[in-house]
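Analysis of the macromolecular model
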Amino acid sequence: MKRIALLVAIATTLSAPAAAHIMLQQREAEAGRSYRAVLTVPHGCRGQPTTGITVSIPEGVFAVKPQPKPGWQLVTRSQPYQRAYTNHGREVREGVVEISWSGGSLDNAHYDEFVFVGQVDASLADKGTVHFPVVQTCASGEHRWVDLPKPGETAQLDQPAPALRIVQAQAGGGHGAAAPAAVFEKAGIRIEQPWTRATPGGARVGGGYLRITNTGQAADRLVAGQVTFAERVEIHEMAVAGGVMTMRNLPDGLEIPAGQTVELKPGGYHVMFMGLRQPLTEGQVVKATLTFARAGTIEIDFRVGSVGGRNAPGGGHHHHH
Ligand SMILES: [Cu+2]
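For clarity, every value in this text was computed on a predicted model and none was experimentally measured. (Residues numbered from 1 in each chain as written. Predicted model: local features only at pLDDT ≥ 70, side-chain atom pairs only at ≥ 80, totals over all residues.)

1. Notes on the overall build of the protein chain
Inclusion rule: Numbering of helices and strands starts at the N terminus; helices are DSSP runs of H or I of at least 4 residues and strands are runs of E of at least 2. For the purpose of contact definition, each residue receives a C-beta atom placed from its backbone, and two residues are in contact when these atoms lie within 7 Å.
Helices and strands together make up the secondary structure of the protein chain, namely one helix and 23 strands. Relative to all contacts within the protein chain whose residues are 6 or more apart in sequence, the contacts with residues 24 or more apart total 70%.

Quick look at the structure:
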């Protein structure tokens, strides 16, 4: 029994090129950056030529574009994403989730590559690894490279889905571990003192506060935000309706008139972190991306103050008790 298994293993090793599985050539990608995926197809199905490759794109890899291949028909399937992503300052809500190259013929003795590009969302850094299941169709039969590892399982999978490890992007420029900035500026928009509150255990939402000044000549508009620690970011207004203080989502965002400052503070305008994925603790600094209609995206840091705090932590107004 053991001996047969060994012989099979040797035979497989001899008959197949170095990598017998369909894989990604580059198996590591940086969160928040673009990624060029090269699927390597080293063999057909039990001697049969490959006639089709279909790959599924995992959530969080967005703005995907396949590279056409001469001799192969290219078909993509698009659908809404589970959430909105930001690409070069633009919100992306739907896109390609499946790519098929078909109608070609790749001989079992030959090797080829199938290429697409996409954006790896920053939030995938928390996931560690994402998978791109592939169905390889042949003249007769198919290989389904769709097996996913179960948590804690290290056994070799029969037909593993191509895996991509997501790593934190290397900070460019060598900033070191400097204290977080309190002022962020870009294209006529100045953001000062972003802060939020520590959340008591189990809280599902949190508010973000900051001061936005439009130093430009034209009105701008805060239209969206994105953070890794919550499912989505909304722009809210507190208002009294029928004698009751309520929060209202501003679907068109918040206008920042030219030359003016708009304050987002408790009891007024604020950004709302919906669906917190983790509690916020006092003293922490959390990253966010705000999107403006004109200025585009601006990366900022929110300092986390105390539960129920009324002012930005570590600055602004000091109260003496
Ligand atoms: Cu709110």
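2. Notes on the sheet that holds strand β5 (residues 61-66)
As a reminder of what qualifies: Following DSSP output, two strands are said to pair if at least two bridges run between them.
One open sheet accounts for four strands, arranged β1-β3-β8-β5; its pairing is antiparallel. The sheet terminates laterally at β1 (23-24) and β5, the two strands that pair on one side only. Of the strand pairs in this sheet, strand β3 (residues 34-41) and strand β8 (residues 112-120) are connected by eight bridges, and their pairing is antiparallel. What sits directly across from tyrosine 35, in β8, is glycine 118.

3. Details of the sheet that holds strand β2 (residues 28-30)
Which entries qualify depends on this criterion: Helix axes are fitted to C-alpha atoms over the stretch in contact, other axes to C-alpha atoms as well, and angles between N-to-C directions run from 0 to 180 degrees.
Read across the open sheet, the three strands follow the order β2-β12-β9; overall the sheet is mixed. The open sheet has two edge strands with one neighbour each: β2 and β9 (129-131). Put simply, the sheet's adjacent strands are angled 35° from each other on average, direction ignored. Taken together, the three bridges between β2 and strand β12 (residues 163-167) define a ladder with parallel strand orientation. Its bridge partner lying in β12, glutamate 30 is registered against valine 167.

4. Brief notes about the nonpolar core
Worth spelling out the cut-off: By our criterion, buried Ala, Val, Leu, Ile, Met, Phe, Trp, Tyr and Cys residues that link up through C-beta atoms within 7 Å make up a nonpolar core. Remark: C-beta atoms are placed from the backbone, and a residue is labelled buried if 20 or more other C-beta atoms sit within 10 Å of its own, exposed if 12 or fewer do, or partly exposed between those counts.
Core analysis: the biggest nonpolar cluster contains 28 residues, and Ile189, Val227, Val286 and Ile298 have the highest contact counts within it. Looking at this core, the elements that each hand over two or more residues are β14 (189-197), β15 (205-214), β16 (220-226), β17 (230-241), β21 (270-276), β22 (285-292) and β23 (296-305). One finds Ala37, Val41, Phe132 and Ile166 within the second-largest nonpolar core, a separate group that totals 27 residues.

Function-wise, these values are silent; they only describe arrangement.
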